[in-house]
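Residue-level structure breakdown
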2 protein chains.
Amino acid sequence: MKRNMLSLFAAAAMAALPAAAHAADATPGPLDEPAKVLPVPTADISPEMQKFIAAPLNPDWNEQWKTGAEARAYAERQAAKVVPGIPALMQRMHVKMEAATMGGARVYVITPDEIPPENQNRLLIHVHGGCYVLFPGEAGTPEAIMMAGFGHYKVVAVDYRMPPEAYFPAAVDDAVAVYKAALEHTPAKNIAFFGTSAGGALALEMVLRAREKGLPVPGAIAPGTPMSDVTKTGDSFYTNEKVDNILVSRDGFCDAATVVYAKGHDLKDPLLSPVYGDMHGFPPAILTTGTRDLLLSNTVRVHRNLRRAGVEAQLQVFEGESHAQYQFDDRVPETKEAFGEIAMFFDKHLGK
Amino acid sequence: MKRNMLSLFAAAAMAALPAAAHAADATPGPLDEPAKVLPVPTADISPEMQKFIAAPLNPDWNEQWKTGAEARAYAERQAAKVVPGIPALMQRMHVKMEAATMGGARVYVITPDEIPPENQNRLLIHVHGGCYVLFPGEAGTPEAIMMAGFGHYKVVAVDYRMPPEAYFPAAVDDAVAVYKAALEHTPAKNIAFFGTSAGGALALEMVLRAREKGLPVPGAIAPGTPMSDVTKTGDSFYTNEKVDNILVSRDGFCDAATVVYAKGHDLKDPLLSPVYGDMHGFPPAILTTGTRDLLLSNTVRVHRNLRRAGVEAQLQVFEGESHAQYQFDDRVPETKEAFGEIAMFFDKHLGK
């Protein structure tokens with residue numbers, strides 16, 4: 001590209017870039033971003049969400065697990081904090097839950113008290129987040145409970161095997177086993193996959209894996225802020241470093257956990273980094289992220305790659321939110337909003 | 001919101017936030033973002049676009065015009081760099097252009113060599129960007145030429161009055177005068193408004209102003225990275241400060257220019273900051289921005305407000321791009337992609 005093109009059309013858009021650089025920092029290349037103070041944004045953000053945005057950096061962001069056992073010990077301490085809140089959540093969402101197995105994999109079946117006629121023959125399959133090592137058992141179900149409650153769908157939440165019980169590709173294989181079992185009584189076009197973070201990646205990986213196995217693709221998917229590229233590639237790994245108060249850094253706990261799960265497998269494999277997968281023929285997808293999300297780039301890259309492959313794909317980006325905050329608490333207005341959008345999308349695209 | 005809710009559901013999503021803060025920077029509130037170096041992102045970005053992303057900060061970002069005459073002097077120097085490239089652009093886009101007036105306002109009428117049958121009775125109205133002071137005359141037409149060429153639509157580009165010739169609300173009034181004149185021979189549902197930056201804001205302001213005047217809303221709009229909030233409100237004014245290499249800062253040239261145009265008028269008026277307008281009844285909208293855009297927040301806030309008002313609205317966010325870079329050069333693949341998405345959206349929503 002010639003220099004005069006740059007000066008011409010950058011000018012045409014906004015401001016003229018001069019043909020000759022005139023300062024020491026005027027060389028094309030990496031950018032030096034100065035230190036700054038970021039106020040808590042408030043415009044168009046609920047007071048409840050503002051509190052999540054105002055929270056300090058996750059103090060555990062730099063946990064560096066080396067083994068499945070180490071990760072699991074942390075996961076169990078964390079799960080012990082999550083599980084006690086689940087009965088009240090279920091009550092607010094008007095759902096029931098029971099443990100079961102499907103296709104040989106552990107699941108929780110979540111059933112709303114009322115299922116409207118159009119959802120009677122629909123099924124959602126949930127894959128939880130947690131960097132492939134966190135949220136074992138019931139601790140992995142809050143997002144599934146919220147989706148069942150807000151959307152009035154029957155949801156099967158996959159309690160996929162995690163380190164040290166099993167390693168890559170156990171998570172996606174368990175999820176696809178559940179899908180295969182579901183296909184015995186529900187048509188593919190009536191089924192959707194959804195999840196957040198590693199669960200967002202898994203929703204994409206499930207489509208790739210199902211296709212490998214000759215299974216039909218589901219009717220729709222909702223990958224929330226997917227860990228779509230675990231090779232530390234994606235611009236917001238840099239721009240949102242220490243801006244995202246949940247993941248915080250590309251070199252943090254989630255990166256360490258994924259390396260544990262992968263157990264030496266190539267991280268660029270589309271079953272670990274689905275942004276590198278062939279997305280032609282994917283079902284309609286709705287993606288969710290926030291402007292401060294460390295995985296903002298890896299969400300918009302998936303969105304664009306889906307569009308480039310001709311797939312119907314919608315993107316929702318929430319102002320000021322860090323990784324996965326749109327599903328932290330069912331009592332936050334933006335949570336209801338995010339799940340409401342996903343439910344509307346599913347309603348439009350799923351068979352009945 | 002109680003503290004245990006925070007610790008419970010932040011945990012449920014990703015990592016446990018402890019009930020008690022344990023470090024000096026662990027107080028809720030503004031965040032200290034450290035200085036960093038941002039590499040030039042390359043994944044899923046064309047080499048041509050990488051060059052725009054790699055460009056140093058716009059050296060003119062801190063121009064602080066105090067009067068319409070000062071802004072105009074700069075605008076004319078800049079326009080002189082843009083205009084010579086227009087004949088070649090028109091040739092590549094296979095369009096013709098002629099100056100005219102419509103409803104008393106100056107316009108350029110851009111006509112593609114070939115207009116497919118479905119677009120014969122459709123018309124797009126373009127409002128250029130440039131902070132309400134830049135790109136007078138032909139210099140304001142490149143985006144309109146690209147839309148005409150990529151989408152095969154007849155486009156009327158409004159050469160609205162700017163300081164020092166006229167001040168707020170001259171821009172929106174000229175644009176609405178053109179719309180009113182267009183309605184004499186084209187149904188509202190066959191007309192779309194589009195533009196970038198101030199032009200993105202104007203596309204929204206035109207809907208508000210048309211409604212005030214009792215005119216019907218158009219069939220669709222495409223506000224690109226709209227200057228939807230000129231009160232310096234929006235999180236990415238902070239997070240993308242000195243990350244966006246075009247606008248660079250909320251205290252830069254664009255802010256100064258808007259103050260000149262507003263000439264003392266309340267900046268929170270929805271005809272200057274349309275994010276504060278009532279968006280119920282808006283036509284379907286497609287919004288475009290980039291992850292490094294200083295106006296990322298003010299694009300996603302409009303998207304969410306449209307959705308909250310029940311309006312069909314799509315969002316496209318391009319990896320690594322700063323303000324308005326998706327329309328800097330017709331030869332960049334992402335430019336063709338962005339305009340292609342807008343054309344598809346118009347094709348879906350406009351009458352024939």
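Placed above this text is the structure.
Notes on the structure in this doc start here. Each chain carries its own residue numbering, running from 1 in the direction its sequence is written. Chain A is the first chain written and ligand 1 is the first ligand written, with later ones labelled in order. Only residues with pLDDT of at least 70 are given local features in this predicted model, and only at 80 or more are side-chain atom pairs given and counted; all residues enter the totals for whole chains, interfaces and linings.

**Here's the deal with the sheet that holds strand E8 (residues 220–224) of chain B**
Residues and elements named next belong to chain B. Our working definition: Paired strands are those between which DSSP finds at least two bridges. Helix and strand labels come from DSSP, where a helix needs a run of H or I of at least four residues and a strand needs a run of E of at least two; each type is numbered from the N terminus. To define axes, lines are fitted to C-alpha atoms, for helices over the stretch in contact only, and angles between the resulting N-to-C directions are given on a 0 to 180 degree scale. Distance between backbone-placed C-beta atoms decides contact: two residues are in contact if it is within 7 Å.
Pairing within the open sheet is mixed, and its 8 strands lie in the order E3-E4-E6-E5-E7-E8-E9-E10. In the strand order of this sheet, the two ends are held by strand E3 (95–102) and strand E10 (313–318), each with one partner. Averaged over neighbouring strand pairs, the angle between their axes works out to 20° when direction is ignored. Sheet analysis places strand E4 (residues 105–112) next to strand E6 (residues 155–158), joined by 4 bridges and oriented antiparallel. If you follow Tyr 108 over to E6, its bridge partner there is Ala 157. Relative to strand E5 (residues 123–127), helix H6 (residues 170–182) is tilted by about 170°, and along the sheet it contacts E3, E4, E5, E6 and strand E7 (191–196).

**Considering the sheet that holds strand E3 (residues 95–102) of chain A**
Residue and element names in this part refer to chain A. Taken in spatial order, the 8 strands line up as E3-E4-E6-E5-E7-E8-E9-E10 in an open sheet, and their pairing is mixed. Because the sheet does not close on itself, it has two edges, and the strands there are E3 and strand E10 (313–318). When the angles between neighbouring strand axes are averaged without regard to direction, this sheet yields 20°. Here 4 bridges tie strand E5 (residues 123–127) to strand E7 (residues 191–196), and the two strands are oriented parallel to one another.

**Quick look at helix H9 (residues 253–262) of chain A**
Residue and element names in this part refer to chain A. Quick reminder of the rule: Exposure is read from a count of other C-beta atoms within 10 Å of each residue's own; the residue is exposed at 12 or fewer, buried at 20 or more and partly exposed in between. C-beta atoms are placed from the backbone.
Buried residues dominate H9, accounting for 8 of its 10 residues. Within the sequence span of H9, burial applies to Phe 253, Cys 254, Asp 255, Ala 257, Thr 258, Val 260, Tyr 261 and Ala 262. The first or second residue beyond H9 is Lys 263, which carries a positive phi of 50°.

**Concerning the environment of Asn119(B)**
Counting through the fold element by element, Asn119(B) comes out in the loop between E4 and E5. For the pair formed by Asn119(B) and His152(B), sequence separation is 33 residues and the distance between their alpha carbons is 7.4 Å.

**Digging into the nonpolar core**
Heads up, the condition is: By our criterion, buried Ala, Val, Leu, Ile, Met, Phe, Trp, Tyr and Cys residues that link up through C-beta atoms within 7 Å make up a nonpolar core.
Residues Ile125(A), Ala175(A), Ile125(B) and Ala175(B) are the most contacted members of the largest nonpolar core, which totals 209 residues. Among all residues touching Ile125(A), those that are not within four sequence positions of it are Val156(A), Val158(A), Ala175(A), Val178(A), Tyr179(A), Ala182(A), Ile191(A) and Phe193(A).

**Thoughts on the pairing of E7(A)**
All names here are of chain A. Put simply, the rule is: Orienting the strands away from the viewer, one traces the path from the first strand over the helix to the second; a clockwise path indicates a right-handed crossover.
Most of E7 sits out of view: 6 of its 6 residues are buried. Because side chains alternate across E7, one face comprises the buried residues Ile 191, Phe 193 and Gly 195, and the other comprises Ala 192, Phe 194 and Thr 196, equally buried. Across 5 bridges, the pairing between E7 and strand E8 (residues 220–224) is parallel. Looking across to E8, one finds that Ala 192 is bridged to Ala 220. In terms of handedness, the path from E7 via helix H7 (residues 198–212) over to E8 forms a crossover that is right-handed.

Keep in mind that these numbers describe shape and distance, not what the molecule does.
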